[in-house]
Structure formats: C-alpha cells, structure tokens
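# Analysis of the macromolecular model
Below are the chains, spelled out letter by letter.
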Amino acid sequence: MASSLEDLEMPVKIVEAESGFEALRFLPREDFDLVVTDINMPDINGLELVSFIKNNDKYSSIPLVIVSTEGSDRDRDKGLGLGADAYLAKPFDPETLRQVVGDLLSGRPGSG
Amino acid sequence: MAARRSKKKSAKSSGAQAASKAKAASTPNSKDNHEFVSEAEEILERMFEDLSRLHEQRHGDTEVAPDLVNQIFRSAHTLKGLAGMFGLDAISELSHRMEDILDALRLGRISVDSPAIDLLDDGVSLLATLMTRLERGESSDEQDPAMVQTYLSRIDEAIRAPEPQTGDELEGLDLDSSLLRALTEYEEHRLRENLRRGRHLVLVDSTFEMIAFEEGLSELSVAVREVGEIVSTLPSPGDAPESQIRFSLLVATEIEPERLASRLDFPNTEVHSIHRGQAGGPSAAKPNSHADSEGAAAETPSGQPVENGPAHAEAGDDSPLASSAAPEIESLRSISETVRVDIRKLDELMNLVGELVIQRAAIAAVAQRLTEDKYTARIGAELTKTHKALDRKLKELQSGVLDVRMVPFRQIFEKLSRVVRRLRRDLGKEVELKFNGADTELDKLLVEQLVDPLVHIVRNAFDHALESPEERTNAGKSPHGCIRVSAFQRGNHVVIEVRDDGRGMNVEAIREKAIERGLISAQETLSHKEVLNLVFEAGLSTATEVSETSGRGVGMDVVRTNLAGMGGLVDLVSVAGRGTTVTITLPITLAIIQALIVGIGEERFAIPLNSVLETMIVEPEEIGHSEGREVLNLRGEPLLLCRLGEEFEIEAAGRDERQFVVVLGMGEQRLGLLVDRLEGQQNTVIKSIKGPLQQIRGIAGATELGDSGAVLVIDVSTIVADAVRRREAA
C-alpha cells in the first residue's frame with residue numbers, strides 16, 4: 001500500500017504500519033492528516049481500526065480511506081457507515097487514489 | 001507471523017521487478033518463468049494438501065475449519081498476485097476465479113457442499129499443467145487461455161445460483177451496535193455460523209496500558225483460543241484515552257460463559273454473556289456430530305479425528321474430479337527441482353565440512369610422519385595417496401556446499417531501489433539508480449550483512465553527494481543525478497562499487513573538520529586520498545547538519561567497521577564536480593578460507609590467503625626507512641612494513657636476522673608484514689572468539705589446525721588500516 005502511495009510521489013510523509021496493532025501504536029506518535037487502511041489485516045481488521053479512530057475524540061477528525069482487495073459491497077457500506085471518507089476497491093487506478101488523497105488532504109469531501 | 005508477512009512483502013517487490021524486466025524484453029523469458037515456477041509450485045503444493053484436507057473435513061461430521069478455508073483462499077490470492085507480476089495472464093485469471101470461489105465459501109455465500117468446491121481440484125490440476133508447460137517452454141498464447149476459458153465457464157455454471165442469505169439472527173443479540181457495525185462480512189459469517197451451531201457468545205472486555213497492549217492482548221487471545229473462536233477484536237479508547245486502550249473480544253465458545261470467566265484470570269478483564277447457545281453444544285445443532293470434537297477441534301485443522309481420515313479419502317475418490325487430479329500431482333513434482341533450505345542448515349553443513357577439512361589436515365600430518373620414518377615409509381606413501389584422493393573429494397564437497405549458499409546480488413538491488421524510491425519522494429530529487437551485475441553471486445550470510453552498509457552509502461550519495469537539479473544544470477550536468485551500483489567478481493573477492501555523478505567530496509572541508517576534531521594536526525600534509533579516507537574515522541561527518549535521510553549518528557566509520565567484520569574493505573575515490581565512487585571489497589565467503597600459517601617466536605598465526613599478494617625473504621639490509629617507518633623497495637615501489645611481533649608484543653627474531661615478508665593487499669592498500677617463519681597453507685574455518693581476546697585489535701578469530709591446537713587469525717583489514725594510519729600520523 002505504502003508503495004502505491006509512494007508512486008504518486010506526492011509531497012507527503014508516509015508512515016507505514018504493518019498491522020492493525022502497529023497502526024494503533026503509531027496513532028499517538030504523530031499528527032496524522034490522513035489514514036489509509038486495508039480491510040484485511042493481521043490482528044484487527046480495517047473496520048475495527050476505523051471504528052477505533054472515529055470513536056476516539058483525539059483522532060475522530062482524521063480523514064479515512066479504506067482500500068480493499070477482497071472488497072464486498074457490505075464491507076464498503078459498513079466502512080462508510082463507520083465514518084470512513086472514501087472506499088477504493090483494488091485494483092484501483094493510481095490517479096483515483098491521488099485524487100481521493102488530494103481531495104481529503106485539501107479538505108474537500110472524497111468520492112466514495 | 002511477522003516474518004511471514006515480511007517475506008511475502010519482499011516476494012512481492014521481487015516479483016514486480018521481474019515482471020517489468022520481462023515486459024521490457026517483450027519476449028517470454030525462461031529465466032523469469034523458472035523463477036515464477038519455483039516460487040509458485042510451493043504455493044500450489046500447499047493448495048493440493050489443504051484441498052485434500054478440506055475434502056476430508058467436508059465429508060466428515062465436524063465443521064470445516066475456517067482457518068483452512070482462509071489458508072487456501074490466501075494461497076490462491078498470493079498465486080494470483082505472483083502470476084500477475086510475471087505477466088502470466090492465464091494463470092493469474094485462473095487463480096483469481098478460484099479465489100472468488102474460496103471467498104464465497106469463507107463468507108458463507110456458498111456452502112461447502114456446493115459443486116463449485118469440487119471444481120477447485122480441477123483448478124489446481126489445471127494450474128499444475130500450465131506451470132509444467134511453462135517450465136518446459138511449451139506454453140502457448142492460444143492454447144493456454146482456451147483451457148482456462150473452458151474451466152472458467154464451468155465455474156460460472158456452478159456458482160450461478162448463489163444460496164440465499166439466512167435471515168438476520170444478529171439483530172436480536174445483546175451486542176453493542178458499534179461492535180456489530182465493525183464486523184467484516186467474513187466475521188459476520190463466522191458469527192452466524194457459530195450461532196447456528198448452538199455455541200455461546202461472550203464478550204471479553206479488557207483494558208491495557210497503551211505501551212504494552214500487544215503483549216497483554218496476545219496472552220489473553222491465546223487463553224481464549226484454547227476454549228473458543230475469537231470472532232472479532234474491537235479496540236476502543238480506555239477510561240484514560242491517552243494512556244489506555246480497551247479491547248472487546250467477541251468469542252464463540254462451547255463452554256459455559258461462567259466457566260470461561262473463571263478460566264480467564266486476567267487483570268482488568270470482564271466477561272459478559274451475550275447469547276446462550278442450546279445446551280449440549282454442537283450436538284444440539286447437528287445431531288450426528290461427533291461428541292469427541294471439542295470446541296477447539298473445530299478451530300484447528302489437525303483437530304480432525306484421525307480414524308476418520310482414510311474413510312473420507314475414499315469418499316473423495318468417488319468424485320470423478322479427484323481421480324483426474326491424481327496424475328497431476330505426479331507431474332507437478334517434476335516441474336522444477338528447486339528446494340528451499342533454511343540457511344542455518346547450510347551453516348551446520350558448512351561447519352561439518354570445515355571440521356572435515358581440519359581432520360584431513362591431521363591425516364596429512366600423520367602421513368607425513370609415517371613417510372619420514374624408513375620403517376613406515378611405504379604405508380606412509382599409501383596413506384598420502386589416499387589422503388590426496390580424500391582431499392580432492394573434500395574440495396568438491398566444499399565447493400558444492402559453498403555453491404548452495406551463493407545468492408545473486410539482485411536481492412540487494414531490489415532493496416536499494418526501494419530505498420531510493422522513498423528518498424526520491426522525501427527529498428524531491430530526481431535520481432536515477434542503475435545496477436550492474438545483478439547475477440554476481442555472494443554468500444547468503446554476507447548478502448544479509450551487506451544490506452545496511454550499502455543502504456547507508458546509497459543514502460549518503462543521494463542526500464549529500466547529488467546536487468539539486470538547479471545546481472546541476474548550472475554546472476552543465478543533466479538535471480537528474482545518477483547513482484550506479486555495480487557488483488562483480490575479482491578473484492576470490494566480490495567488488496561492489498557505488499558511483500554517483502554528484503559534486504564530489506570537498507577535500508578542504510574534510511581536512512578542516514578533521515583538524516577541528518583533533519584527528520590530524522594542522523601541520524600534516526596528507527595526500528588527496530588520505531584526506532578522503534578520513535571520512536571513515538569516527539566523529540567525522542561532512543554533512544553540515546544531521547539529516548533525516550542519512551540517519552543520525554551512523555557514519556561511514558560504522559560502515560567501515562561493519563565491513564571489516566566481514567573481512568571486507570571500503571575505499572573511496574572522489575573528483576570535485578565529477579562525483580564519488582565508494583568501493584567495497586569482500587571475500588566471496590566467510591565460511592572456509594585458505595590461510596597462510598606464519599610463525600613469530602613461539603607463536604603461530606593464520607592469515608587469510610585471499611589478502612596475501614605474495615611472500616618473499618628479506619635480508620635486514622634491504623629494509624630502508626622513510627618518514628620514520630620501515631619500508632621495502634618492492635620493484636621500485638616503497639612497501640610499508642609492519643613487524644607482526646611488535647604489533648602483538650611477542651618476542652620475535654632480532655632485527656639483524658633474515659625475515660619473511662607477507663605482502664598484504666586490501667583494496668588499494670598494501671602492507672608488508674614481517675614474520676619469522678612461513679609454515680604453509682591450510683584450509684581453515686574461522687571461529688569467533690569470546691572473552692578478553694575478543695577485544696584485541698587485529699584479531700579476527702581463531703582457527704583450529706589439524707595437528708596442533710588453535711591459532712589466532714589475523715584481521716588483515718584492521719592491521720593494514722592501522723599501519724597506514726600510523727604512517728600518516730607520523
């Protein structure tokens with residue numbers, strides 16, 4: 001995932017977590033402007049991570065993008081229902097990712 | 001788990017590289033195909049095994065283990081990705097559709113009795129056929145997709161009518177909505193399946209300190225998994241959101257919630273019953289279920305009762321598909337002859353070979369003694385002959401084992417490209433990274449240890465050496481900088497060059513810094529090269545400020561130390577305005593080395609032969625002096641001398657006696673080592689030494705000689721570097 005973001009060569013700093021737990025540990029360490037998560041991950045899944053972030057006053061305003069390979073419509077609806085700002089099913093066009101990330105970073109609503 | 005993940009990751013990146021290569025060549029590359037097959041057949045074999053377990057379980061009475069389905073699903077997914085990266089569309093498409101079937105199964109969209117599941121066997125067989133053809137170079141662009149299409153249409157037919165979802169029994173559960181909302185489709189399916197099987201549902205709430213939640217949670221999870229299935233793990237902020245985190249584990253279990261609570265004796269942990277299943281556990285839900293299958297048995301694939309095994313295998317044979325799969329398994333075995341081996345096993349083997357080499361030397365010594373005595377001379381000669389035969393075979397064995405340890409440089413190159421990609425983004429510099437000699441081979445162990453120093457050197461080049469595009473354009477260069485990493489073999493060494501076309505090193509700045517840091521005195525006149533080599537000294541960083549990219553506190557001195565630990569040497573050439581080249585010279589392997597045994601006074605030392613250029617006898621009067629150091633005129637060039645005896649404070653032969661000079665070469669540097677005796681060459685295995693001896697500079701380790709105990713092995717790179725530096729300081 002990080003590498004597809006890297007390939008966009010956007011002027012952003014990317015911190016890559018290898019698992020849901022690692023993401024939980026990283027959250028307090030930096031001031032994140034955006035979180036991009038997969039659904040299927042080791043330990044906790046992406047929806048659980050989204051739920052955690054949205055239920056935590058400290059992080060709830062961070063924009064969230066869900067990216068998933070084994071995307072089912074139900075997971076997509078759930079993710080958006082939990083408060084994720086965008087959902088991308090893999091394989092996605094890098095340009096779409098750039099657009100979604102760009103929009104969310106500049107404060108515009110992302111496309112679902 | 002972590003290791004597997006990272007492994008998968010590297011496989012991904014290597015695949016991506018290989019695929020782009022294949023496309024560049026635009027013709028099918030048999031080497032790439034071979035690489036693909038050797039990686040893919042492992043996955044395929046696992047799928048074969050897992051599928052036969054799946055068939056056993058689906059014909060058995062217990063539930064098909066969800067982890068088993070997940071595992072086959074992941075195998076298909078991995079294979080799909082791998083094939084995609086190698087540009088093998090037919091295989092990729094096929095695995096993709098198999099992945100679909102498995103996804104539907106694991107999400108409960110189709111039942112385990114669906115005809116689509118039987119088609120999986122055909123799919124794996126077809127994959128095996130495609131891979132066999134690929135390996136044999138028989139693969140064709142028309143035939144392969146046709147075979148795949150026929151199969152795919154059968155899949156479509158089999159899963160055309162999706163089974164209707166059961167009504168929503170989740171609504172009535174006493175569950176917090178935030179938990180239900182965060183369940184993935186898979187988790188929902190698992191929850192339903194557990195309810196259907198009459199299991200109890202409990203919620204285990206546990207609060208952890210943020211700093212150590214993973215350890216605590218993993219202990220708790222292990223305990224829970226002994227008695228049930230964790231359907232979901234939902235994190236939420238703890239009562240002190242800054243420092244605490246709470247996890248709610250949704251657990252399906254066959255044991256009573258009260259008993260579960262008493263079994264989970266963890267601090268800050270509460271167990272709530274959410275739903276009570278029918279009394280009697282699974283038997284109630286499925287009357288013909290085996291009573292001997294405990295809750296955990298459904299979790300572990302191996303929990304399947306053994307006596308059921310053969311019966312189910314027979315049941316599987318009834319299906320026409322199973323019989324068609326059988327011969328394919330045979331053919332699959334011969335696709336590629338690649339075996340993956342744990343490097344530690346190779347180390348053990350290498351060690352054994354090393355021991356044998358030492359024993360061989362002992363036999364040689366015995367043979368020599370026998371030959372010298374006229375009464376045993378004949379038997380001695382026979383033993384010498386046998387010994388020679390043994391020696392030859394041993395050499396073959398040694399090079400055979402060595403060959404197995406060798407891996408191509410490509411692996412390192414892939415890591416470096418990743419680093420550069422990151423740097424490009426972070427620093428906004430357009431830099432081209434070029435590689436030469438990806439097929440150059442090096443001992444696996446050295447490859448591992450070489451990554452960090454190389455990454456550091458490349459980062460340095462990127463960060464400090466290469467100028468900004470404007471600066472480059474002004475200097476009349478192309479705006480994009482270039483870093484070229486080359487690897488090639490030179491004799492018993494592998495040479496790695498990292499060459500950039502940047503601004504070159506500022507010799508004056510290095511000199512000033514070195515004076516400032518007290519490394520050299522202001523009066524010293526050093527050559528251009530000597531000044532450059534100062535960057536390898538501790539405490540000398542030429543970058544004006546510490547940058548994120550090149551890391552903090554880790555300098556070229558660490559690079560040199562790391563390389564010296566591998567018996568290697570690093571050298572530097574820099575031309576102002578043109579660029580810098582860092583050259584690393586490494587022995588091909590560390591495992592077995594040829595050593596020259598030298599004697600000083602009562603002591604003996606081993607010198608790795610790959611750093612010995614020549615040896616000669618020197619008379620005392622041939623030794624001259626230059627700048628206060630002893631030198632020898634070696635074919636017109638002054639050779640710096642070093643008395644090994646003085647180096648280690650050992651009583652050696654007097655200065656007026658004839659001595660031997662061992663000429664050492666490390667990279668570009670030369671040093672003549674004065675010793676009393678030369679005692680011959682031996683194959684040796686260097687062992688690291690512990691205790692106070694470890695601290696001594698100039699000792700790389702110890703080795704055992706066949707005849708008489710252990711000797712110390714000289715660390716040539718340190719001895720050479722020290723001597724050269726002393727001359728500079730003098």
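Description of the structure in this document.

What counts and how
- Residues numbered from 1 in each chain as written.
- Chains lettered and ligands numbered in written order.
- Predicted model: local features only at pLDDT ≥ 70, side-chain atom pairs only at ≥ 80, totals over all residues.
- Axes fitted to C-alpha atoms, helices over the stretch in contact; angles between N-to-C directions.
- Helix = DSSP H or I, 4+ residues; strand = E, 2+ residues; numbered from the N terminus.
- Parallel < 35°, antiparallel > 145°, perpendicular 65-115°, else oblique.
- Left-handed = near helix turned anticlockwise from the far one by under 90°.
- Contact = placed C-beta atoms within 7 Å.
- Nonpolar A, V, L, I, M, F, W, Y, C, P; charged D, E, K, R; others polar.
- Buried ≥ 20, exposed ≤ 12 C-beta atoms within 10 Å, placed from the backbone.
- Arc of directions from axis to C-beta.
- Pairing = 2+ DSSP bridges.

Let us now look at the packing of helix 18 (residues 444–465) of chain B against helix 22 (residues 556–565) of chain B. Residue and element names in this part refer to chain B. Here helix 18 crosses helix 22 at 155 degrees, and the two axes come no closer than 10 Å. The pairing of helix 18 with helix 22 is recorded here as roughly antiparallel in orientation. The handedness of the crossing between helix 18 and helix 22 is left-handed. Residues Gln449, Asp452, Pro453, His456 and Ile457 of helix 18 lie in contact with helix 22, whose contacting residues are Val559, Asn562 and Leu563. Here the contact of helix 18 with helix 22 is built from residues that sort into 4 nonpolar, 3 polar and 1 charged.

Along helix 4 (residues 73–82) of chain A, the residues that are buried comprise A:Asp75, A:Lys78, A:Gly79 and A:Leu82. The buried side chains of helix 4 of chain A occupy one side of the element, clustering within an arc of 100 degrees when seen end-on. Exposed residues on helix 4 of chain A whose side chains face more than 90 degrees from its buried face are A:Asp73, A:Asp77 and A:Gly81. Looking at the buried residues of helix 4 of chain A, the elements they touch are helix 3 (46–54), strand 2 (64–68) and strand 3 (86–89) of chain A together with helix 7 (177–181) and helix 8 (185–196) of chain B. Among the residues trailing helix 4 of chain A, A:Gly83 stands out with phi positive, at a value near 115 degrees.

All names here are of chain A. Pairing is parallel across the open sheet formed by 3 strands, whose spatial order is 1-2-3. Each edge of the open sheet carries a strand with a single partner, namely strand 1 (35–38) and strand 3. Taken pair by pair, the neighbouring strands of this sheet meet at an average axis angle of 20 degrees, ignoring direction. Bridge count between strand 1 and strand 2: 4 bridges; the pairing is parallel. When the bridges of strand 2 are listed, Thr37 appears paired with Ile66. Here helix 3 sits on the sheet and contacts strand 1 and strand 2; the angle it forms with strand 1, its principal contact strand, is near 150 degrees. Packing against the sheet, helix 5 (residues 94–105) makes contact with strand 2 and strand 3, and its axis sits at approximately 170 degrees to strand 3.

Looking now at the interface of chain B and chain A. Each side of the interface is counted separately: chain B has 21 residues, and chain A has 25 residues. Broken down by secondary-structure element, the contributors of at least two residues to the side of chain B that touches chain A are helix 7, strand 2 (228–237) and helix 17 (410–427) of chain B. Among the elements that make up the side of chain B that touches chain A, the one with the highest residue count is strand 2 of chain B (6 residues). Taken together, the residues of the side of chain B that touches chain A break down into 8 nonpolar, 5 polar and 8 charged.

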